[in-house]
Amino acid sequence: MASLSEIARTQTELDEPQQTHLHRFVVSWGLIADLCFSDLLLNVPTDAKGSHFVVAGQVRPTTNQTLYVRDLLGEIADEEERPLIARSYRRGEIIEGEVTDPIIRERVRMLCIPVRHKGETIAVLSRESTPSVGRAAGELERTYQEIFNRFARMIAAGEFPYAREDGDSEENLRVGDGCLVLDGSARVTYASPNAVSALHRIGIHVNTEGLRVGELGLDDEPVRTAFAVAAPVTEEIDPRPGVSVLLRCIPMVDAGRVTGAVLLLRDVTEIRRRDRLLLSKDATIREIHHRVKNNLQTISSLLRLQGRRLSSDEAKSAIGESVRRISSIALVHDILAREAGEDIPFVEVLRPLVRMVEESLNSPDREVGFSVHGDPGILPAGIATPMAVVLNELLQNTMDHAFPPAPDGSRPVGRVRVEMVNDGLELVTRVIDDGAGLPEGFSVAASTGLGLSIVRALVTSDLAGTIDMFEPVAGGGGTQVDLRVPLDAELPG
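Residues numbered from 1 in each chain as written. Predicted model: local features only at pLDDT ≥ 70, side-chain atom pairs only at ≥ 80, totals over all residues. Heavy atoms only, no water.

A. Quick look at the overall build of the chain. When you go through the chain residue by residue, the secondary structure sums to 12 helices and 18 strands. Across its three principal directions, the C-alpha atoms of the chain cover 100 × 55 × 35 Å. When each of the 493 residues of the chain is scored for burial, the buried share is 46%. In the chain, the share of contacts with a sequence separation of at least 24, taken over all contacts with a separation of at least 6, comes to 61%. On the chain, roughly 24,200 Å² of surface is accessible, and the fraction owed to carbon and sulfur atoms is 49%. For the chain, the distance from the average position of its 53 positive side-chain charges to the average position of its 73 negative side-chain charges is 4 Å. (Helix = DSSP H or I, 4+ residues; strand = E, 2+ residues; numbered from the N terminus. Buried < 20%, exposed > 50% of the residue type's maximum accessible area, 1.4 Å probe, protein only. Contact = heavy atoms within 4.5 Å. Areas by Shrake-Rupley, 256 points an atom, 1.4 Å probe, with all protein chains shown as cover. Lys, Arg positive; Asp, Glu negative; His and termini not counted. Charge placed at Lys NZ, Arg CZ, Asp CG, Glu CD.)

B. Quick look at the pattern of salt bridges. A full pass over the atoms with the stated rule returns 24 salt bridges. Across the salt bridge formed by Arg60 and Asp71, the nearest N and O atoms sit 3.2 Å from each other. Placement of Arg60 in the loop between strand 2 (52-59) and strand 3 (76-78) and of Asp71 in the loop between strand 2 and strand 3 is noted, with a sequence separation of 11 residues between them. Given a relative accessible area of 38%, Asp71 falls into the partly exposed group. (Salt bridge = Lys/Arg side-chain N within 4 Å of Asp/Glu carboxyl O.)

C. Spatial organisation of the nonpolar core. Leu22 and Phe151 are the most contacted members of the largest nonpolar core, which has 73 residues in total. Setting aside its immediate chain neighbours within four residues, Phe151 contacts Leu31, Ile32, Leu35, Phe160, Tyr162, Ile250, Pro251, Met252 and Val262. Formed by 46 residues, the second largest nonpolar core is a distinct cluster that contains Val357, Leu379, Val390 and Val485. (Core = buried A, V, L, I, M, F, W, Y, C linked by side-chain atoms within 4.5 Å.)

D. Looking closely at the packing of aromatic side chains. According to the stated counting rule, one finds 7 aromatic pairs in the structure shown. An angle of 85° between the planes, with centres 5.8 Å apart, marks the rings of Phe25 and Phe160 as edge-to-face. A residue pair is termed long-range when its members are at least 10 positions apart, and Phe25 in helix 2 (residues 16-28) and Phe160 in the loop between helix 5 (139-156) and strand 7 (179-182) qualify at 135 residues. Members of the aromatic cluster, each reached through a chain of ring pairs, are Phe25, Trp29, Phe151, Phe160 and Tyr162. (Phe/Tyr/Trp six-rings, centres within 6.5 Å; stacked < 30°, edge-to-face > 60°.)

E. Expanded view of the pairing of strand 8 (residues 188-191). As defined by bridge partners, strand 7 adjoins strand 8 across 3 bridges and the pair is classed as antiparallel. Pairing of Val181 across the sheet is with Tyr190, part of strand 8. Here strand 7 folds back onto strand 8 in antiparallel fashion, the turn holding 5 residues, of which Ala186 has a positive phi close to 70°. (Pairing = 2+ DSSP bridges.)

F. Looking closely at the side chain of Gln396. Locating Gln396 in the fold gives a position in helix 11 (residues 381-401). A distance of 2.5 Å separates polar atoms of two side chains, one belonging to Gln396 and the other to Arg324. Aside from chain neighbours lying at most four places away, what touches Gln396 is Glu321, Arg324, Arg325, Val357 and Leu361. (Polar contact = N/O pair within 3.5 Å; in protein donor to acceptor, adjacent residues only side chain to side chain.)

G. Structural detail: the sheet that holds strand 8. Pairing within the open sheet is antiparallel, and its 5 strands lie in the order 8-7-11-10-9. The sheet terminates laterally at strand 8 and strand 9 (233-240), the two strands that pair on one side only. Put simply, the sheet's adjacent strands are angled 25° from each other on average, direction ignored. Where strand 7 and strand 11 (residues 257-267) come together, 4 bridges link them in antiparallel fashion. (Axes fitted to C-alpha atoms, helices over the stretch in contact; angles between N-to-C directions.)

Fair warning: the whole summary comes from geometry, so function is off the table for now.
This is the structure in structure tokens:
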């Protein structure tokens, strides 16, 4: 589905400031749809004459059923199909009437409001609903319709959307959450049933009519600020310990003067309680990761102490391999202990891991340089932990077999390149060396070495991936290991 930006750019003659004005308009117009109980369509002319209009925006009310089940973005109609829209655009006036809608082929009550930017009509907002027959509107409907009419005049005068917004769209309050209507002196003239219920939930049971927000026991700073700057203000307040209320004060303006306001409010106490619980759980999980890392480091230290007491070179080597395996897992837990959630930037594991192998396995008799290329991106812990072990084994295997002592006793020198690419669907890892290459008839599946057995088991079973080893395509000897791990696979456990 095309966006407002795409439609405005490709099908209209609007310039950048005009497009920005309409963007700000559709960010705020959910309130307008709720107040008029109707669908709203933003109709933008495709030519300077205003003979054809494209639907560049659509919003449905949360206070009533929608007239249009399907999305209309991108639909184009001419002035014969939408005569009221064309007339409102050309005259720059609010026009109301009934027409047969060409989309649903039914009679529709339309109110067309010119959308102005710097004195120029750049679009038409159409309120579209079924004609009301034989039912008198209640107090809530009459109040909301009256407020809508005031906002309609602001739109036609270019005073809505506001030149200044508070930029807080995170919570997205709507009229159905609870609505207080304030007059020009910031006194309550109407409280919706949902607003009364919200006030009762937070312990306020007084009759609100004629009172200011501060007199209700709520912090009135958002209201005073909104009246002072003639722009919406959103703020979360705590009227008493353990109670949180989100307020959004939206002023109604006439010729630059604030004549009243709509105050939306929502009791967010339970949401904040859950947020605090999640933060507490997250802190607990991170503490667990921190303790696991410390325990793994303790095990590594004990193994190192044991290794120093051994006289067998083979036993010392086995202990050293175990230490590096444990350290690679500890690296992942170290990152998880510092990051929120269970996803980590794997490059923060990869670089220390490569450095650890390089420092522990290089010696005066052998000099091998390592380099890291690409970005593995963000990986879940379920992939990051086995991948760390796999990379440790591959790098260790490379050092053990790709750069053996030279027959003439000279010092082996080589390079190992680690490449990782994450496209969101698959993680591709390549370990390329310029060493001795694979022995004749070598097969990963048939290898009995402990290191490659661990790699094979982790890649094929835990990661549901594949592994392949061959001579690099560029030639010149050496070995290339290719790992492919799907990121959307259902992992065991």
